[in-house]
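Residue-level structure breakdown
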There are 2 protein chains.
Amino acid sequence: MAETLKGALIIGQSGGPTAVINASAYGVIRTALDADCITKVYGAHYGIKGVLEDRLYVMDEEDREDLDKLMYTPSSALGSCRYKMKDPNEDETDYKRILEIFKKYDVRYFCYNGGNDSMDTCNKISKYMKKVGYDCRVMGVPKTIDNDLYGTDHCPGYGSAAKYIATSVMEVARDTVVYDTGVVTIIECMGRHAGWLTAAAALANLREHCCDLIYLPERDFDMDSFLADIERVYKAKGNCIVAVSEGVHYADGTFVSEAKTSGTDGFGHAQLGGLAARLAGIVKAKMGIKTRGIELSLLQRCAAHCASKTDIDEAYMAGKAAVEAMLNGVTDKMVGFDCSRDNGYVCREKLIDLSEVANYENKVPQEWINEAGNDITSDFINYALPLIQGETPMVKKDGLPDFARLKRVFA
Amino acid sequence: MAETLKGALIIGQSGGPTAVINASAYGVIRTALDADCITKVYGAHYGIKGVLEDRLYVMDEEDREDLDKLMYTPSSALGSCRYKMKDPNEDETDYKRILEIFKKYDVRYFCYNGGNDSMDTCNKISKYMKKVGYDCRVMGVPKTIDNDLYGTDHCPGYGSAAKYIATSVMEVARDTVVYDTGVVTIIECMGRHAGWLTAAAALANLREHCCDLIYLPERDFDMDSFLADIERVYKAKGNCIVAVSEGVHYADGTFVSEAKTSGTDGFGHAQLGGLAARLAGIVKAKMGIKTRGIELSLLQRCAAHCASKTDIDEAYMAGKAAVEAMLNGVTDKMVGFDCSRDNGYVCREKLIDLSEVANYENKVPQEWINEAGNDITSDFINYALPLIQGETPMVKKDGLPDFARLKRVFA
C-alpha cells in the first residue's frame, strides 16, 4: 500500500484534439473526484499554458450530467496548446512557475493528456519535480489520432478516426461508381510521418472491395509508379479509389504536397487546396479523365458521431488507470495498452516510463505494407479491426449531438 | 376504382446520388413486388441509359434481405446517369427506342427517381407515351440533396445531407476553438444555384452557437463585405466559422470559385482545390491570420451513417406512393410533400403535374436570409429542423456499414 498523498490534481489536454480525448479527461476527472485523498480537481485551460498563466477550471463545480457527456463530446473540452517546453538545464523559468502554481493550489497529482510532444512536456515536468524534491505524482495519458506513440499497442483516438475513415471511404466509393463514366477519386488522410490513418482505408475493403490503392509516408513516393498504378486499376475496372497520406514524400524527403517543381505538377503553388486536389489535378492532366480530390481534413479527428465504442471505453480506461496508478504511488509513467488478438481481443493497461515514450514515433511496420508500396497486408487488418468496434453512446437532441457544455468556473 | 393494368414496372435512378435515394427505389420496388397486377419489376442500369441499352436488372431475383438493406445504403444502387433527352419534336430516336423496350418487356409502369433534369426526362417520356397511345403509367419520384425541386415542401435526400452538415459544423467548431490562437474556418457546402445545403449549417447553432457567417448563392457575393464580416467576428471572439455555398457568385454572375481576376485572389488558378481553399487563402493573405478551408465534398451527399430517419422514411413513402398512385390509375405526376409545422410536423404525399415540376428551381426565399446576406432567419430553422430528426436504422458488421449487395441479374 502506497503512502497516502493528500492534495489537488491538475489535468491538462495538449496537442491536436480527437473524438475521444474528453473520454480520457473524464476518466481522470471522475476517478479523481471519487478519490478521498484528492482534495480538488482542476482542469488546465489550454494545456500547460493554463498552468503557467494560472488559469485553472474547478472541475468539482461542474454538474455530473455535463461531465458525463464528455464521454461522447469531441475535441479538447479544457482547451489545448502546442507549447514546447524548454530544456530546464537551459531555462528554468517555466518550471519554476509551474512549481509555484503547484504549491499555490497544493497540487500533488498531475495528468497530461496528449501525444508525442505532450509526453515530452510531461516527462520534463516529472523530472523537474523529482529534482527539486517536490512531492508530486505525474502521469501521461496517451492521445493521438496519428497512433504514433511509442510503447503502446495503439493510442486512444485512433480507433474512432479509423472507423470514420473506413466508413467514409465505403460511402464515397458507393457514390463514385454510380455513372458509367469513370472517375479517379483521391482521398487524403492525416498523418504527417506515420501512415496509420491512411492504412485505415483498407478496413473499408473488408465488407466490399472499394479502396484500390493506398500510399503511406513509410515508403518513398514515386509519381511515375503512382500514375502507372492508377492507370492499371482504371483500365481494369473503370474507376479507381486511392487513399493517400498527407505526409507522402519523394525519396529526397520533399513532401509531395509542397514540392514546387512545376515540371511535376504544373502548378507551382504549394499548400493551396492540399495534396488530394493537387494529385487529382496531376492525374487529370496526365490521363485526361475525370478526377476528384477529397481531403478528410478535421472531420476525421472530430467526427464523434462516428466514434468507436471500443476507443471511447479504452480512452476512459486510460484516464482512470492513470489516477489509480498515482493513488497507488506510481509516478513518472504513461499509461499504455497491452493487447492480445489471438483468442478474441483483450486490451489491458500497462505503465511505461515517460522518458522511454517522449519524442519517439511509432510507424506502420514495413512488413505490413505490400512490396509495391500501394497496399496494406492482412496483418494491419487484424491489428486495427478490433479498435473500430461498437458505436458511440452519443445522446442527440433535436436530431443533433448534445455535447457537454461545461460551466468553466475558474479557481 | 381504376381499370386494372397488367404489366411490368421499370424503376430508374438519375442524377447525383443521395444517402436515401435507395430508400425511394425500395419504396417503389417493394410496393411493386407486392402488387398482383405488376408482373415483373425491373431496375434500369444507369437510369434511362439502361432502358435505351436494354440493360435491366430483374428485381424479382433479389433476396428480400438484401433489398431491405437498401433502406440505409447510400448512392444509386441501380446506377445513375446525367443523360439529357432531346426534344421529341426534333429527334424521336430515343423515344422510339424506349417504346420498343417497353413493348419488349410489356412495361406498363415507369418510375423515374431524380431531380430537376430527371423530372424533365420523366415528363418527356410520359408525354410521348400518351401521344403515341401506348398505355403506360409514368410517375416521378423526387430526389435531390439540393432541395430545389419545385412544387414540394422539400426533397428526399435533403434532410440527411442537412443533418450531416449541421453535425459536422458542430464537430469542426469544437475542434477549431481548442487553441488560444485564433483561426478562421471556411466550410464549403454543395449547391450550385440554391443555398439549402449551406443554410443547414445554421441548424448547428441550435444547440450551441458555432456557425458565425453563412453565404448563399441567392445573394450576390461581395468580397469586401465578406472580409469585413470575418474581421468583425474574429476581432470579437477570436475565431470565426463560415459556411459558404459552392455556388456563390459576384453580381455579374461569375462564380467566386472560378473568377480569374488575380487582383482579387492572388492566385489566378480556377478550380484548384475548390472555393473553401481559395477563400481561406484570400482571408489569410488579407488578414495575416491562420485559416482553414474544408470542402464537405461528396461526404455530404453519401454519409448514410448520419442519415435522418425522417428523411429515410419519407424517401420510402415517396416511392411507395408513386406505385400506389399508378395502381389507382394515376399517371404523368411527381410525388411531392405537403407539410404542416404548426402543431407538430406532419408530412403528407401529394401529386404534382410533371410538366409543372420539370426544370423549375426552388430557391431559399429571400426573406429567410438576413438583410446583410450573411445569416439565415428562424423561418428556415422552423422549416428544416423536422427534416433532420431521428437516426438511421443502419446495421453494422465488423463495426462498418453492412450495405446492400444486389445480385444484379440482367433480364
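Before reading on, note that the structure itself is shown above.
Residues numbered from 1 in each chain as written. Chains lettered and ligands numbered in written order. Predicted model: local features only at pLDDT ≥ 70, side-chain atom pairs only at ≥ 80, totals over all residues. Heavy atoms only, no water.

This next bit is on the relation of the copies chain A and chain B. Of the transformation superimposing chain A on chain B, the axial component is 0.0 Å and the angular component is 180 degrees, with the fit at an RMSD of 0.0 Å. Expressed as a symmetry operation, the mapping of one chain copy onto the other fits a two-fold axis. (Least-squares fit on C-alpha atoms with pLDDT ≥ 70 in both.)

All names here are of chain B. Two numbers describe how helix H1 (residues 21–33) lies on helix H12 (residues 309–327): the axes approach to 7 Å, and their chain directions differ by 40 degrees. Comparing the axis directions of H1 and H12 gives the class oblique. By crossing handedness, the relation of H1 to H12 is classed as right-handed. When H1 is examined against H12, the residues Ala23, Ser24, Tyr26, Gly27, Val28, Arg30, Thr31 and Ala32 are found in contact with a partner set consisting of Ile312, Ala315, Tyr316, Ala318, Gly319, Lys320, Val323 and Glu324. Split by residue class, the contact of H1 with H12 holds nine nonpolar, four polar and three charged. (Axes fitted to C-alpha atoms, helices over the stretch in contact; angles between N-to-C directions. Helix = DSSP H or I, 4+ residues; strand = E, 2+ residues; numbered from the N terminus. Parallel < 35°, antiparallel > 145°, perpendicular 65-115°, else oblique. Left-handed = near helix turned anticlockwise from the far one by under 90°. Contact = heavy atoms within 4.5 Å. Nonpolar A, V, L, I, M, F, W, Y, C, P; charged D, E, K, R; others polar.)

Once that is clear, we can look at the sheet that holds strand S8 (residues 240–245) of chain B. All names here are of chain B. Strand order in the open sheet formed by four strands is S7-S8-S6-S9, and the pairing between neighbours is parallel. The two strands at the open ends of the sheet, each matched to only one other strand, are strand S7 (213–215) and strand S9 (291–295). The sheet shows a mean angle of 15 degrees between the axes of neighbouring strands, taken without regard to direction. By the bridge criterion, six bridges tie strand S6 (residues 184–189) to S8 in an arrangement that is parallel. The residue bridging isoleucine 187 from the neighbouring strand is alanine 243, located in S8. The strands touched by helix H10 (residues 274–287) within the sheet are S6, S8 and S9, with S9 carrying the most contacts at an inclination of about 170 degrees. (Pairing = 2+ DSSP bridges.)

As a further point, take the nonpolar core. Membership of the largest hydrophobic core comes to 188 residues, with the highest contact counts inside it found for Leu9, Leu203 and Phe380 of chain A together with Leu9, Leu203 and Phe380 of chain B. Residues within four places of leucine 203 of chain A in sequence aside, it is in contact with Ala162, Ala166, Phe380, Ile381, Ala384, Leu385 and Ile388 of chain A together with Leu400 of chain B. (Core = buried A, V, L, I, M, F, W, Y, C linked by side-chain atoms within 4.5 Å. Buried < 20%, exposed > 50% of the residue type's maximum accessible area, 1.4 Å probe, protein only.)

Right, let's talk about the interface of chain A and chain B for a bit. How big an interface is tends to be reported as the loss of accessible area on association of its parts. Each side of the interface is counted separately: chain A has 65 residues, and chain B has 64 residues. Each partner contributes to the roughly 5,800 Å² buried at the junction of chain A and chain B, and carbon and sulfur atoms together form 57% of this total. Viewed at the interface, chain B and chain A are joined by eight salt bridges. The partner of lysine 49 of chain A in a salt bridge is aspartate 180 of chain B, with the nearest N and O atoms 3.0 Å apart. (Buried area = accessible area lost by both parts, 1.4 Å probe. Salt bridge = Lys/Arg side-chain N within 4 Å of Asp/Glu carboxyl O.)

All names here are of chain B. With respect to the helices and strands, threonine 185 occurs in strand S6. A relative accessible area of 0% places threonine 185 in the buried class. Non-local contacts of threonine 185, meaning those with residues more than four positions away in its chain, are made with Val172, Thr176, Cys240, Ile241, Val242, Arg292 and Ile294.

A word on the side chain of aspartate 332 of chain A. Residues and elements named next belong to chain A. Relative to the helices and strands, aspartate 332 is located in the loop between helix H12 (309–327) and strand S10 (333–340). Under the relative-accessibility criterion, aspartate 332 is labelled buried at 11%. A distance of 2.8 Å separates the side chain of aspartate 332 from the side chain of lysine 127, its partner in a polar contact. (Polar contact = N/O pair within 3.5 Å; in protein donor to acceptor, adjacent residues only side chain to side chain.)

The next point concerns the packing of aromatic side chains. All names here are of chain A. Counted according to the given criterion, the structure contains 36 aromatic pairs over all chains. When the centroid spacing of 5.9 Å and the interplanar angle of 70 degrees are considered together, the rings of tyrosine 215 and phenylalanine 221 count as edge-to-face. Both residues of the pair, tyrosine 215 and phenylalanine 221, count as buried. Aromatic ring contacts, followed pair by pair, group Tyr158, Trp196, Trp368, Phe380 and Tyr383 into a single cluster. Its end group placed over the ring of phenylalanine 255, arginine 192 keeps NZ or CZ at 4.0 Å from the ring centre. (Phe/Tyr/Trp six-rings, centres within 6.5 Å; stacked < 30°, edge-to-face > 60°. Lys NZ or Arg CZ within 6 Å of the ring centre and 35° of its normal.)

Moving on: the pattern of salt bridges. Summed over all chains, the structure comprises 62 salt bridges over all chains. Measuring nitrogen to oxygen at the nearest pair gives 4.0 Å for the salt bridge that ties aspartate 117 of chain A to lysine 84 of chain A. Of this pair, aspartate 117 of chain A sits in helix H5 (residues 116–132) while lysine 84 of chain A is found in the loop between helix H3 (64–69) and helix H4 (93–104), placing the two residues 33 residues apart along the sequence. The salt bridge involving aspartate 91 of chain B is made with lysine 86 of chain B; its shortest N-O contact spans 3.6 Å. Beyond isolated ion pairs, a larger network of salt bridges with shared partners links Asp66, Lys69, Lys397 and Asp402 of chain A together with Arg207 of chain B.

None of this, on its own, says anything about what the molecule does.
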